[in-house]
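Breakdown of the fold
Each chain, letter by letter, is given below.
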Amino acid sequence: MLKPISITAISSYSPLGKTSEEVWNNYKTNNHCITLQDGHLVSALSKNLKAEILELRASDQKYKSLDDSVLFGIFSARKASEAAQWDKNNNFGINIGSSRGATKLFENYHEDFLKRNKTETLSSPTTTLGNISSWIAHDLQTKGPEISHSITCSTALHAMLNGVAWLQSGLTSKFLVGGSEAPLTAFTIAQMQALKIYARNNVAYPCQALDLQKKQNTMILGEGAAMACLESGIKENALATVKGIGYATEVLKHNASLSTNADCFQDSMAMALGDLNPDEIDVIVTHTPGTIKGDAAEVNAINKVFKNKVPALTNNKWKIGHTLGASGLLSLEMAVLMLVNQEFIAVPYLDTQKPKRLKNVLVNAVGFGGNAVSILISK
């Protein structure tokens, strides 16, 4: 890192709630947010949060045609920029990604096309990948650069990488980064089931993320958005600072698999650590989606990098499912909240020794294609 980067605000809109207080209080319980919806295990927004999305959609004629992924992003971005005290005069940059994008809207338009052999006027502009960042920029009235991308499940942390790069370059001093995902459609769930990674049993904890003793895959889809406000230098109002970034891609052996020891994670974590002694890392918020091979590969990689002292491991997918492109920023939010509140959040069905301190936390994410990102943040 050429110079430190401050995280001056972080906000999410997920089954955990919409404010930092709600999210933190939900993290402190051993309850999960996974329910049955149309016969499938999912982690969905509460009725109250869905009602607020309906209000947002009705608040502007132009918003009526937008996908939920865009509206989740707008809601979360408003909260983050407000908390950071940014306004349109700051001309901050925006990089919001999504793995699936306008999932429900695209499926509805395509179904209509198959029936009528023609489609609606807005079917193209409302389903493009750049939709989320563009509409957030419109809503916040910033004139800074707008970037959109999709790099599967590491999308949000790749947005973090981009934001850090822009700030390091000096081309801008503020960047809003994040991810948004609304994947709870029958088709998307069917895709995960076709990969044979989706949970089948509605037990006490349906998603067994990080449990290396599980006998079957237990991934579950969730929905939501998360945003972080990044600023150059050390700011007085900083919640945490970004001390290191790492990224790597490994050679594909299968479209949806990692190597046994997750070589990409080993490289990304080592890069994020830089010259820092691995023993200085207190906690790792893992990606571990609840699959047998994926969870084991990441833990193997951690054991390879942290040979002398493996940090305390935790994650949030057992609680809110896998939000695909938004998951990395939701993990980052969890890490920031642990640093701010100086309290470790453990996985309830695992026997994890609490860290002796909370100063340095590493956050991991990886997507289909073996593209890993690791972000090191400090108190």
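What this report covers is the structure whose coordinates are included nearby. None of the values given here were measured: they were computed from a predicted structure. (Residues numbered from 1 in each chain as written. Predicted model: local features only at pLDDT ≥ 70, side-chain atom pairs only at ≥ 80, totals over all residues. Heavy atoms only, no water.)

What to know about the nonpolar core
Within the largest apolar cluster, 45 residues are counted, with the highest numbers of intra-cluster contacts made by Ile-7, Leu-230, Val-242, Leu-332, Ile-375 and Ile-377. By residue number, the principal contributor to this core is helix H11 (residues 327-341), which donates 9 residues. Sequence-distant contacts of Leu-332, that is, excluding residues within four places in its chain, are made with Ile-7, Ile-10, Met-160, Ala-228, Val-363, Ile-375 and Ile-377. Counting 30 residues, the second largest nonpolar core, distinct from the first, contains Leu-71, Phe-72, Ala-80 and Ile-94. (Core = buried A, V, L, I, M, F, W, Y, C linked by side-chain atoms within 4.5 Å. Buried < 20%, exposed > 50% of the residue type's maximum accessible area, 1.4 Å probe, protein only. Helix = DSSP H or I, 4+ residues; strand = E, 2+ residues; numbered from the N terminus. Contact = heavy atoms within 4.5 Å.)

Section: the sheet that holds strand E5 (residues 146-147)
Across a sheet, strands are paired by hydrogen bonds formed along the backbone, either parallel or antiparallel in direction. Taken together, 10 strands build an open sheet; the order of strands is E5-E4-E6-E8-E1-E9-E13-E12-E10-E11 and the sheet is mixed. Looking at strand neighbours, the two that pair on one side only are E5 and strand E11 (312-314), the edges of this open sheet. Where strand E10 (residues 283-285) and strand E12 (residues 360-367) come together, 3 bridges link them in parallel fashion. Each bridged residue has a counterpart across the sheet, and for Val-285 the counterpart in E12 is Val-363. (Pairing = 2+ DSSP bridges.)

Observations concerning H11
Given a rise of 1.5 Å per residue, 15 residues ought to cover 21 Å, and the 21 Å separating the end C-alpha atoms of H11 matches this to within 8%. Within H11, 13 of the 15 residues are buried, which leaves the element mostly enclosed by the surrounding structure. Just past H11, the residue Gln-342 takes up positive phi, approximately 50°. (Expected span 1.5 Å × (residues − 1).)

Focus: the packing of aromatic side chains
The final tally for this structure, using the stated rule, is 7 aromatic pairs. When the ring of Tyr-63 is compared with that of Trp-135, the centres are 5.8 Å apart and the planes differ by 85°; the resulting orientation is edge-to-face. Linking Tyr-63 in the loop between helix H2 (47-58) and helix H3 (68-83) with Trp-135 in helix H5 (residues 131-140), this pair joins segments that are 72 residues apart in sequence. Each of the two residues, Tyr-63 as well as Trp-135, counts as buried. Between Trp-166 and Phe-175, the aromatic rings sit 5.6 Å apart at their centres with planes inclined by 40°, giving tilted as the arrangement. Look at Trp-166 and you get partly exposed, because its relative accessible area is 28%. Each residue in the set Tyr-13, Phe-72 and Phe-75 is aromatic and connected to the rest through ring pairs, giving one cluster. (Phe/Tyr/Trp six-rings, centres within 6.5 Å; stacked < 30°, edge-to-face > 60°.)

Quick notes on the environment of Ala-297
Mapped onto the fold, Ala-297 is located in helix H9 (residues 292-305). Residue Ala-297 is classed as buried on the basis of its relative accessible area of 3%. As a C-alpha pair, Ala-297 and Met-334 span 37 residues in sequence and 22 Å in three-dimensional space.

A few points about the pattern of salt bridges
Tallied over the full model, the rule gives 10 salt bridges. With a shortest N-O distance of 2.6 Å, Asp-68 and Arg-57 are connected by a salt bridge. Placement of Asp-68 in helix H3 and of Arg-57 in helix H2 is noted, with a sequence separation of 11 residues between them. Asp-68 sits in the partly exposed class, given a relative accessible area of 23%. Taking the relative accessible area as the measure of exposure, Arg-57 reaches 18% and is therefore buried. Here Asp-60 makes a salt bridge to Lys-62, at a shortest N to O gap of 3.3 Å. Among the ionic contacts, a cluster of salt bridges with common partners joins Asp-112, Arg-116 and Glu-120. (Salt bridge = Lys/Arg side-chain N within 4 Å of Asp/Glu carboxyl O.)

Note that all results are geometric; they support no functional claim without further evidence.
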